[in-house]
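# Structure assessment
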Amino acid sequence: MRHLISVRDLTKEDVKGIVQNALDFKSGKKSFEGILKNKTVISIFFENSTRTRTSFEMAAKRMGAEVINIDYNQSSLKKGETDYDTIINLSAMHPDAFVIRHHESGYPKFLAEFTSIPIINAGDGTNEHPSQALLDTLTMYEIKRALENLKICIIGDIINSRVAKSHMWMAKLFNWELSFYGPTTMLPKKDWIKGIKIEKSIDKALKGKDFVMLLRIQLERKSGQNIPSLKEYNRFFGLKKSNLANAFIMHPGPVNRNVELGSWVMDNHSKGLITKQVENGVYTRMAIFEFCLS
Ligand code: CP
C-alpha cells in the first residue's frame, strides 16, 4: 500500500511497471476485472476536473471498486469544516484509497503525513500531476516503443503547469531531451530549470522533436496577466500547421481552442494524440490503483 504524490518518488522500474500494466489492461493481455473487488475509493476534488476525475472513477469501477465522490457543495466543507478535518474524518471510515485534487501545491503530501490510507494525487496546484505524466508517458511509448532518450518540447505556461513539473522528473528518469518554450513571463527562473533548454522560436521548439506538448493558458490562475492578449499569445506561441515538422502533438486538456492550438489539431489531425491521451488515462489510472493498492 503506498501513496502516489509525485513522479519524484517513482523509480524507473515503477514507471515501466505502471506503463506495462496499463498496456496489458488496454490490450486485454491482463484482466482488470475484480482487482479492486470489495475496495472503496473516495474521490475528492477541491478543484474542477473532467478527464482526471472521470477516468479515475471509471478505472476504479471497472476494476470492481465502490467509488464515493465527495461533492464539495453538498459536504460539510461548505459549512466551514477544514480540508484537513474532512480527510481525517473520512479516513476514520476506512476507505481503501483517496483520489485527491487540490488547488494548493503540496496539499496531498501534507495529508499523506496524517493517514496511512493511500493518497493518489490527482493534481495539486502548480506542483505536480503524476497520473497525467504517466498517461503521457504511456502515450509516447505506444508511438516510439521506447521510454528513454525522447525529444520533447513543452510550450506555454510552464510556471503554472503541474504537468510540466511532473515531466521534469520523468525526463530525469528517462534521459529525455526536454526543452521549454513560452513567454519569458511564463518561464521559471533559470536555476530552477537547470539543464533544460529554452527554445527561442516556435520553429526551433519543434525542430527535431518527437513530441510537442502544448499547455493551457490557465486563466483561473490569472495567467492572462502575463501576456498582452490571447490573440498575441496565439500569434507567437500557438501551434500552426506551417511549423509542425514531424512532432506528434499532445495537450493534457482542457484546450483553449485557437489559443494554444487550432481546431485543425483537435479535429483529427494525423499527428494529434489528444484523445489518445484521454483514452490512455483510464488504463493508466487502473495501473496506478494496482500499484498503490496491491
Ligand atoms: N488533464 C487534466 O487534468 O484535465 P482535467 O482538469 O479535466 O482533469
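Relevant structure appears above.
About the criteria used
- Residues numbered from 1 in each chain as written.
- Predicted model: local features only at pLDDT ≥ 70, side-chain atom pairs only at ≥ 80, totals over all residues.
- Heavy atoms only, no water.
- Helix = DSSP H or I, 4+ residues; strand = E, 2+ residues; numbered from the N terminus.
- Rg over C-alpha atoms; globule rule 2.2 N^0.38 Å.
- Buried < 20%, exposed > 50% of the residue type's maximum accessible area, 1.4 Å probe, protein only.
- Contact = heavy atoms within 4.5 Å.
- Areas by Shrake-Rupley, 256 points an atom, 1.4 Å probe, with all protein chains shown as cover.
- Lys, Arg positive; Asp, Glu negative; His and termini not counted.
- Charge placed at Lys NZ, Arg CZ, Asp CG, Glu CD.
- Patch = residues over 30% accessible without salt bridge, like charges linked within 9 Å, V, L, I, M, F, W, Y side chains within 5 Å.
- Salt bridge = Lys/Arg side-chain N within 4 Å of Asp/Glu carboxyl O.
- Arc of directions from axis to C-beta.
- Axes fitted to C-alpha atoms, helices over the stretch in contact; angles between N-to-C directions.
- Parallel < 35°, antiparallel > 145°, perpendicular 65-115°, else oblique.
- Nonpolar A, V, L, I, M, F, W, Y, C, P; charged D, E, K, R; others polar.
- 1 Å grid on protein atoms, 1.4 Å probe; cavity = no way out; pocket = protein on both sides within 12 Å on 5 of 7 lines; lining within 4 Å.
- Points joined across faces, edges and corners; volume = space filled by probe spheres on them.
- Domains from an automatic or database assignment.

## Side note on the overall build of the protein
Looking only at helices and strands, the protein features 10 helices and nine strands. Taking 294 residues into account, the globule formula puts the C-alpha radius of gyration at 19 Å, and the protein, at 19 Å, falls close to it. In terms of overall dimensions, the protein has a C-alpha envelope of 55 × 45 × 35 Å along the principal axes. By residue count, 56% of the 294 residues in the protein fall in the buried class. Counted over contacts in the protein with a minimum sequence separation of 6, partners at least 24 positions apart contribute 75%. When the accessible surface of the protein is summed, it comes to about 13600 Å², and 49% of that surface belongs to carbon and sulfur atoms. Positive and negative side-chain charges of the protein, numbering 42 and 32 respectively, have mean locations separated by a distance of 6 Å.

## Quick notes on a positive patch on the surface
A grouping of K190, K200, K204 and K207 is seen on the molecular surface, where their side chains present a positively charged patch. Relative to the helices and strands, K200 is located in the loop between β7 (197-198) and α7 (202-206).

## Let's talk about helix α3 (residues 83-91)
Among all positions in α3, only D83, T86, I87, L90 and S91 are buried. The arc enclosing the buried residues of α3, seen along the axis, measures out at 130 degrees, which places them on a common side. Contacts made by the buried residues of α3 are with β1 (40-45), β2 (66-70), β3 (97-102) and α4 (107-112).

## Digging into the packing of helix α1 (residues 12-27) against helix α6 (residues 162-174)
Geometrically, a packed helix pair is captured by the angle between its two axes and the distance between the axes. Two numbers describe how α1 lies on α6: the axes approach to 10 Å, and their chain directions differ by 105 degrees. Taken as axis vectors, α1 and α6 run roughly perpendicular relative to one another. Between α1 and α6, the residues in contact are K12, V15 and K16 and M170, L173 and F174, respectively. Its residues placed into classes, the contact of α1 with α6 shows four nonpolar, no polar and two charged.

## Some words on the layout of surface pockets
A volume near 410 Å³ is recorded for the largest pocket. Those elements giving two or more residues to the lining of the largest pocket turn out to be α2 (51-62) and α6. Each of domain 1 (7-128 + 281-293) and domain 2 (130-277) contributes no fewer than three residues to the lining of the largest pocket.

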